Amino acid sequence: MVDTYLLLGTNMGDRVSLLSGARSEIGREVGTISQLSAVYETAAWGHERQPSFLNQVVVVATPLQPLELLGRINGIEKAFGRQRAVKWGPRPLDIDILFYGDRIIDGPTLQVPHPRLPDRRFALVPMQEIAPFFLHPQSRKSMTELLDETTDHLPVNHFNTDTHEHYEF
């Protein structure tokens, strides 16, 4: 079993239900979710003229090998209506592999740790919440250090999934 950190994101439809459904499918298809961050509402990154995202990091103990994991999460995204028409465009569900244990994977279809993690506050905030001292296997910096150093200043707000209210983090 390997602890894998996955970033879930959605900016279409009933975002709260989509995150909940994604967590259920991950539990069925990928492994046991052992930890999850709060949900954050975040500005879109890349193509900024689109609805805001809800993002959450989950830690999953998985028996799957990296490429098998990628195939499963791509299947979950597709089942939730994901179409890869526009890079960084709106999507009902996005699942990124941030870390696969402490492994470094640099292949044509999978790069882990996620290569843009240090530049994405929307991923660093929930990572820092649940694993502040987790060390990035390449830079050897903690999530707290990476968050302090990121040049991304787009807003990341805590989102209350019960009341659908948010407040600034």
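None of these values were measured; they are calculated from a predicted model. (Residues numbered from 1 in each chain as written. Predicted model: local features only at pLDDT ≥ 70, side-chain atom pairs only at ≥ 80, totals over all residues. Heavy atoms only, no water.)

Visitor: What's the story with the pattern of salt bridges in this structure? I'm lost.
Guide: Opposite charge on two side chains lets them pair, provided their charged atoms get close. Applying the stated rule across the entire model yields 4 salt bridges. Where Arg28 meets Glu25, a salt bridge forms, and the shortest distance between an N and an O atom there is 2.5 Å. In this pair, Arg28 and Glu25 are both assigned in helix α1 (residues 15–29), 3 residues apart and thus about one turn of the helix distant. You can call Arg28 exposed: its relative accessible area is 60%. (Salt bridge = Lys/Arg side-chain N within 4 Å of Asp/Glu carboxyl O. Helix = DSSP H or I, 4+ residues; strand = E, 2+ residues; numbered from the N terminus. Buried < 20%, exposed > 50% of the residue type's maximum accessible area, 1.4 Å probe, protein only.)

Visitor: How do you make sense of the nonpolar core when you look at a structure like this?
Guide: Soluble globular proteins tend to bury their nonpolar side chains together. Ranked by size, the top nonpolar core spans 23 residues in total, and within it Leu6, Ile26, Val30, Ile73, Ile95 and Ile97 carry the most contacts. Elements represented by at least two residues in this core include exactly β1 (2–10), α1, β4 (53–62), α2 (66–79) and β5 (94–100). Here this core takes 4 residues from α2, the largest share from any one element. Apart from the residues within four sequence positions on either side, Val30 is in contact with Glu25, Val60, Ala61, Thr62, Pro63, Leu64, Leu69, Arg72, Ile73 and Ile76. Of all hydrophobic cores here, the second largest spans 21 residues; its members include Phe99, Met127, Phe134 and Val156. (Core = buried A, V, L, I, M, F, W, Y, C linked by side-chain atoms within 4.5 Å. Contact = heavy atoms within 4.5 Å.)

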